[in-house]
Amino acid sequence: MTSAGAVDGTRERTELAVWFGGASLAPWFCCPFWALVCFLALPLALVGLVRACVEYRASGPGRASAPRAVVGGALSLLGAAAAIAYLVFLAGHPDLPVQE
């Protein structure tokens, strides 16, 4: 049997999707060097998507919060979409990152 404090501590450790989703979106607003940001944001967003799926599955037995998993997944999806869109934009404009 576990105490209620252990359950809350476990819940706080397992709900990381929102943090990864926020970390994948924050650099787009804070850093002007988007060519570098997309290489940081894409892995964070993918990890956030995986964590959101894991947390959503764990929300059935009550180990995690389903709304937080959905919010984390949405933030991660936005971060991944922004990174992929910018990489596609850079592929279409190869002379843009290099200024001569």
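The structure this text deals with has already been given above.
Residues numbered from 1 in each chain as written. Predicted model: local features only at pLDDT ≥ 70, side-chain atom pairs only at ≥ 80, totals over all residues. Heavy atoms only, no water.

(A) Region of the structure containing the overall build of the protein chain. Along its length, the protein chain carries four helices and zero strands. Relative to all contacts within the protein chain whose residues are 6 or more apart in sequence, the contacts with residues 24 or more apart total 71%. Accessible area of the protein chain: about 6700 Å², with a carbon and sulfur share of 73%. (Helix = DSSP H or I, 4+ residues; strand = E, 2+ residues; numbered from the N terminus. Contact = heavy atoms within 4.5 Å. Areas by Shrake-Rupley, 256 points an atom, 1.4 Å probe, with all protein chains shown as cover.)

(B) Molecular detail of the side chain of Glu55. Turning to its location among the elements, Glu55 is positioned in helix 3 (residues 34-58). Judged by its relative accessible area of 2%, Glu55 falls in the buried class. (Buried < 20%, exposed > 50% of the residue type's maximum accessible area, 1.4 Å probe, protein only.)

(C) Focus on the packing of aromatic side chains. Evaluation of the coordinates by the stated rule reveals four aromatic pairs. Ring centres of Trp28 and Tyr86 lie 6.1 Å apart, and the angle between their planes is 70 degrees; on these two criteria the pair is classed as edge-to-face. With Trp28 in helix 2 (residues 17-30) and Tyr86 in helix 4 (residues 66-92), the pair connects residues that are 58 residues apart, well separated along the chain. Under the relative-accessibility criterion, Trp28 is labelled buried at 10%. One aromatic cluster in this structure is built from Trp28, Trp34, Tyr86 and Phe89. (Phe/Tyr/Trp six-rings, centres within 6.5 Å; stacked < 30°, edge-to-face > 60°.)

(D) The arrangement of the packing of helix 3 against helix 4 in detail. Closest axis-to-axis distance for the helix 3/helix 4 pair is 7 Å, and the angle between their directions is 150 degrees. Between helix 3 and helix 4, the angle is such that the two are roughly antiparallel. Taken as a pair, helix 3 and helix 4 cross one another with a handedness that is left-handed. (Axes fitted to C-alpha atoms, helices over the stretch in contact; angles between N-to-C directions. Parallel < 35°, antiparallel > 145°, perpendicular 65-115°, else oblique. Left-handed = near helix turned anticlockwise from the far one by under 90°.)

(E) Representation of the pattern of salt bridges. In this structure the tally under the stated criterion is one salt bridge. Arg51 serves as the salt-bridge partner of Glu55, at 3.6 Å between the closest nitrogen and oxygen. Of this pair, Glu55 and Arg51 both sit in helix 3, four residues apart, which is roughly one turn of that helix. (Salt bridge = Lys/Arg side-chain N within 4 Å of Asp/Glu carboxyl O.)

(F) Broad picture of the packing of helix 2 against helix 3. Orientation of helix 2 relative to helix 3, taken along the N-to-C sense of each, is 165 degrees, at an axis distance of 7 Å. The orientation of helix 2 relative to helix 3 falls into the category roughly antiparallel. Seen from above, helix 2 lies across helix 3 with left-handed handedness. On helix 3, the residues that touch Ala17, Phe20, Ala23, Ser24, Pro27 and Trp28 of helix 2 are Trp34, Val37, Cys38, Leu40, Ala41, Leu44, Ala45, Val47, Gly48, Arg51, Ala52 and Glu55. Here the residues of the contact of helix 2 with helix 3 sort into 14 nonpolar, two polar and two charged. (Nonpolar A, V, L, I, M, F, W, Y, C, P; charged D, E, K, R; others polar.)

(G) Spotlight on the environment of Ala83. Relative to the elements of secondary structure, Ala83 occurs in helix 4. A C-alpha to C-alpha distance of 9.0 Å links Ala83 and Trp28, two positions 55 residues apart in sequence. Aside from chain neighbours lying at most four places away, what touches Ala83 is Trp28, Cys38 and Leu42.

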